[in-house]
Amino acid sequence: MTDGVRVSQSPMMSARVMIPFAVATIIWGSTWLVIRGQLGVVPPTWSVCYRFLVGAVAMFVYALATRASLRLDWRGHAFAALIGLAQFCLNFNFVYRAEGLITSGLVAVVFALLVVPNAIFGRIFLKQPVTGRFLFGSLVALIGVGLLILKEARADVSSGHASLVGVGLTLLGVLSASVSNVLQGADRARSMSMAAMLAWGMLWGALINAIVAWLTVGAPVIEMTMMYLSGTLYLGVFASAIAFTCYFGVIRVIGPARAAYSSVMTPVLAMILSTVFERYHWTVLAVAGGVVTFTGLTIALSARKPIVKSA
C-alpha cells in the first residue's frame, strides 16, 4: 500500500518501481509495430474494441484468481468509465488512425511528449512541482519533434498533409492518455483496487468503442487470420492487462510526470523496429530531430526529482 507512505530511495522501493516500469516499457516498445497489423480489413474502432474486450477478460480472470474485489459503487463505475473513455477509447482511436498515416516509429517518438502534459496537468491538479529545467528540456524536445515532422513533410510533398494529420492525431492521443494518467494520481484512483479499476475500465472502454463503431461504420468486422488474431491477443493481454497494471501502479507511487519517462524510452525500440520492418529512412534532418528530441527529454528528466508523498 502507498497511502500515507513517503517514497524513499530504498532498494525495496526502487525494485517496486523499476521492475513494473521496465516490464511496461519493454512491452510497449514493440506494440507500435503490432498495431500496424490491426489496420486494413477491420475498422480501427472495432480493433480497439476487441483489444480492450480481451484485456477486460484477462483482468477479470486475474482478479478472480487472486481473489481481488471487483465491487465498485456508482462513483467507482463512473471513474472507471472515465478512464475507459480517455485511455481505452479516445487515446487508442487516435493512435490507431495515426499509424495509418505515419510510421509506427514516428508515432512512438511524438508520444514521448506525454511527459510534458503529464507534468503540467500534475502541477495543476495534483500540486506536484515542475522545475524550470524540466520545462526547458521539454521545449528542446518539442523542437526535435518539430524537425522529425518537417522531415516527414519534406520527404513526399503529396503525403505532407497526411503526415501532419498523423502527427496531429498522435498529439490528441497524447492529451487523452495524459488525462487518464493524471486521474491515476488522484485520491479516487488510490482508493480503488487496481484489478477492479482496470477490469471495469477496459470493459467500459470496449463498450464505448463498440457503440461508436456500430454507429459510425456498422456491424462488427473481424479478420480471421493468424496475424490479426494473435496481434489482438498480444495487445489485449500483454500490452493492455499486464502493461497497464504495471504502469498505473507506478503512477500511484511516483506520480504521472515521472511515470511518463516510459514513453521516452519506448521510442528507441520502436524506431529500431520501424527501421527494420517499415524501412524508415534516416536522413540528416531525421537524425538531427531524434538527437534533439532525446537531448531535450534527457535534460527534462535530469531535473531534480522531489520526494512524492502519497495521499
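Residues numbered from 1 in each chain as written. Predicted model: local features only at pLDDT ≥ 70, side-chain atom pairs only at ≥ 80, totals over all residues. Heavy atoms only, no water.

Here's the deal with helix H3 (residues 74-99)
A rise of 1.5 Å per residue sets the reference length of H3, with its 26 residues, at 38 Å; its end C-alpha atoms lie 36 Å apart and thus fit the reference within 8%. For H3, the N-terminal cap is Asp 73; the gap from its side-chain oxygen to the backbone nitrogen of Arg 75 is 3.1 Å. (Helix = DSSP H or I, 4+ residues; strand = E, 2+ residues; numbered from the N terminus. Expected span 1.5 Å × (residues − 1). Polar contact = N/O pair within 3.5 Å; in protein donor to acceptor, adjacent residues only side chain to side chain.)

Notes on a nonpolar patch on the surface
A cluster of nonpolar side chains, Ile 19, Val 23, Phe 238 and Ile 242, forms an exposed patch at the surface whose accessible area comes to about 330 Å². Broken down by secondary-structure element, the contributors of at least two residues to the nonpolar patch are helix H1 (11-36) and helix H10 (226-254). Look at Phe 238 and you get partly exposed, because its relative accessible area is 40%. (Patch = residues over 30% accessible without salt bridge, like charges linked within 9 Å, V, L, I, M, F, W, Y side chains within 5 Å. Areas by Shrake-Rupley, 256 points an atom, 1.4 Å probe, with all protein chains shown as cover. Salt bridge = Lys/Arg side-chain N within 4 Å of Asp/Glu carboxyl O. Buried < 20%, exposed > 50% of the residue type's maximum accessible area, 1.4 Å probe, protein only.)

Remarks on the side chain of Arg 252
Summarising the element assignment, Arg 252 is placed in helix H10. Since its relative accessible area comes to 9%, Arg 252 is described here as buried. In terms of polar contacts, Arg 252 uses its side chain to reach the backbone carbonyl oxygen of Ala 189, at 2.9 Å.

Remarks on the confidence of the model for the chain
Summary statistics for the chain give a mean pLDDT of 83 and a share of 85% for residues scoring 70 or more. Residue range residues 1-13 is modelled with pLDDT below 50. Its contacts to residues more than four positions away, or to other chains, number 24 contacts. (pLDDT = per-residue confidence, 0-100. Contact = heavy atoms within 4.5 Å.)

Quick notes on the packing of aromatic side chains
Tallying each qualifying case throughout the model produces 14 aromatic pairs. Between Phe 92 and Tyr 96, the ring centres sit 6.5 Å apart and the planes meet at 75 degrees, which makes this aromatic pair edge-to-face. Highlighted residues: Phe 92 and Tyr 96, both in helix H3, separated by four residues, approximately one helical turn. Joined through ring pairs, the aromatic side chains of Trp 28, Phe 52, Phe 88, Phe 92, Tyr 96, Phe 244, Tyr 247 and Phe 248 make up one cluster. (Phe/Tyr/Trp six-rings, centres within 6.5 Å; stacked < 30°, edge-to-face > 60°.)

Let's talk about the nonpolar core
In a soluble, globular protein the nonpolar side chains are often hidden away together inside. Leu 198, Phe 244 and Phe 248 are the most contacted members of the largest nonpolar core, which totals 76 residues. Among residues more than four places away in sequence, those in contact with Phe 248 are Gln 87, Phe 88, Ser 180, Asn 181, Gln 184, Met 194, Met 197 and Leu 198. By size, the runner-up hydrophobic cluster in this structure holds five residues, among which are Val 17, Val 250, Val 253 and Ile 254. (Core = buried A, V, L, I, M, F, W, Y, C linked by side-chain atoms within 4.5 Å.)

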